[in-house]
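# Chain and residue survey
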Amino acid sequence: MIASPSTAHASQLFNVMGRTYVVTGAASGLGLAIAEVLAANGGRLLLLDRDEKGLKDLASRLQASVASQAVDVADADALRQAVDAFISETGRIDGLFANAGISGGAGFGTDAGMTSGQLESQDGNHWRGILDINLLGVLNSLQAVVPTMKRQHSGSIVVTASITGIQAEPFVSYSYAAAKAAVIQLMRQSALELSPYGVRVNAIAPGFIKTGIAGGRLHDAQVDGALSRKIPMGRLGAANEVQGIALLLASDAGSYITGSTLTVDGGALLGPSPFIHTQYTDTAR
Ligand SMILES: NC(=O)c1ccc[n+]([C@@H]2O[C@H](COP(=O)([O-])OP(=O)(O)OC[C@H]3O[C@@H](n4cnc5c(N)ncnc54)[C@H](O)[C@@H]3O)[C@@H](O)[C@H]2O)c1
């Protein structure tokens, strides 16, 4: 897409009016923020989450064309049925945000005396539970939309990865970090395959964002303080800070972006800021 002066206007470039999107994990946090920005700009949505009440609350709050269904993304058949029903009603699907995910518990470097997050304590059953949702749940979501997108020769798929899939992070579990790294490579493989079909596939890799994840642990003042000191911008993110990138990727503004992992992390992947570190050690003394 080459922008003409009229299409270069933000209202055209980022236009999602009347377009159809599926958002998983829509009842809380990042998925809710993504649903809000798409709805606010006229998108037609299917919201999926296993939290039925949260979904109903959101759907009734959004002033938009919204369908919602309680679905576990680990259940490939239920997910496909929900997406198929949406597509048969709308006739097409313009985008998927495969966003649902859960924490894998604490890592190995955050809680004194905590051993369950260490390598020797890794448990296969726990891993299977995390991979079922955080990796296979994403695969199931992609598989539900891809046949239609291939037929249409258009579509934008966005998976929610994490900076912990790129850089080692003692605060999160092995299973979570490994699943997110796999999600990034699943995205890249799919982007390569689907590019000739005009289907774009990208990942958003958030840093630490205050949502409901891990039982809302990031809202805890001590956790917030400890993590904020590792972030060059000196603070955790808010859920609505992914809305801009979601709109970019959902719309024609992102028409030449595929196979990319876009970080939204306050600079966390840069490493700790020397200035924040100085402040920290000063206070700690
Ligand atoms: N918050 C962060 O700091 C952060 C950082 C990096 C990546 N992420 C990722 O962002 C995504 C969204 O998480 P969030 O932070 O908004 O957390 P959240 O807990 O606020 O929201 C997650 C939503 O997903 C739903 N969900 C969980 N498992 C599901 C399943 N099996 N089927 C259907 N729905 C399911 C939950 O009910 C919830 O509504 C996740 O993939 C998470 O790993 C979050």
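Above: the structure in question.
Note that this is a predicted model, so its numbers are computed, not measured.

### Points about the pairing of strand E6 (residues 199–206)
Most of E6 is tucked away, with eight of its eight residues classed as buried. Burial along E6 is two-sided: the residues Val 199, Val 201, Ala 203 and Ala 205 and Arg 200, Asn 202, Ile 204 and Pro 206 are all buried. Bridge count for strand E5 (residues 155–160) against E6 is six bridges, and the pairing is parallel. Considered in E6, the bridge of Ser 156 is made with Arg 200.

### Focus on helix H2 (residues 29–40)
Along its 12 residues, H2 runs 16 Å from first to last C-alpha, staying within 8% of the 16 Å computed at 1.5 Å per residue. Burial analysis of H2 places 10 of its 12 residues in the buried class, which makes it a mostly covered element. Buried within H2 we find Gly 29, Leu 30, Gly 31, Leu 32, Ala 33, Ile 34, Ala 35, Glu 36, Leu 38 and Ala 39. Downstream of H2 by a residue or two, Gly 42 has a phi angle that is positive, lying close to 90°.

### Focus: the packing of H2 against helix H10 (residues 243–250)
With their axes 9 Å apart at the nearest point, H2 and H10 run at an angle of 60° to one another. Judged by the angle between their axes, H2 and H10 are oblique. Crossing hand, H2 versus H10: right-handed. The residues of H10 that touch H2, namely those facing Ala 33, Ile 34, Val 37 and Leu 38, are Gln 243, Ala 246, Leu 247 and Ala 250. In terms of residue class, the contact of H2 with H10 is built from seven nonpolar, one polar and no charged.

Thresholds, definitions, all that
- Along each chain, the written sequence defines residue order, and numbers are assigned to residues from 1.
- Only residues with pLDDT of 70 or above have their local features reported here, since the model is predicted, and side-chain atom pairs are shown and tallied only from 80 upward, although totals for entire chains, interfaces and linings are computed over all residues.
- Partly exposed residues are those whose C-beta has more than 12 but fewer than 20 other C-beta atoms within 10 Å; with 20 or more the residue is buried, with 12 or fewer it is exposed, and the C-beta atoms are placed from the backbone.
- Think of it this way: any DSSP run of H or I at least four residues long counts as a helix, any run of E at least two long counts as a strand, and we number them from the N terminus.
- At least two DSSP bridges between two strands are required for those strands to pair.
- Here, expected helix span is obtained from the residue count minus one, scaled by 1.5 Å.
- Throughout, an axis means a line fitted to C-alpha atoms (over the contacting stretch in the case of helices), and angles, computed between N-to-C directions, take values from 0 to 180 degrees.
- Note that the term roughly parallel is reserved for angles under 35 degrees, roughly antiparallel for angles over 145, roughly perpendicular for angles of 65 to 115, and oblique for everything else.
- Here a crossing is taken to be left-handed if its near helix is turned anticlockwise relative to the far helix by less than a right angle, and right-handed if that turn runs clockwise.
- Two residues form a contact once the distance between their C-beta atoms, set from the backbone, is within 7 Å.
- Amino acids are sorted into nonpolar (Ala, Val, Leu, Ile, Met, Phe, Trp, Tyr, Cys and Pro), charged (Asp, Glu, Lys and Arg) and polar (every other residue, Gly among them).

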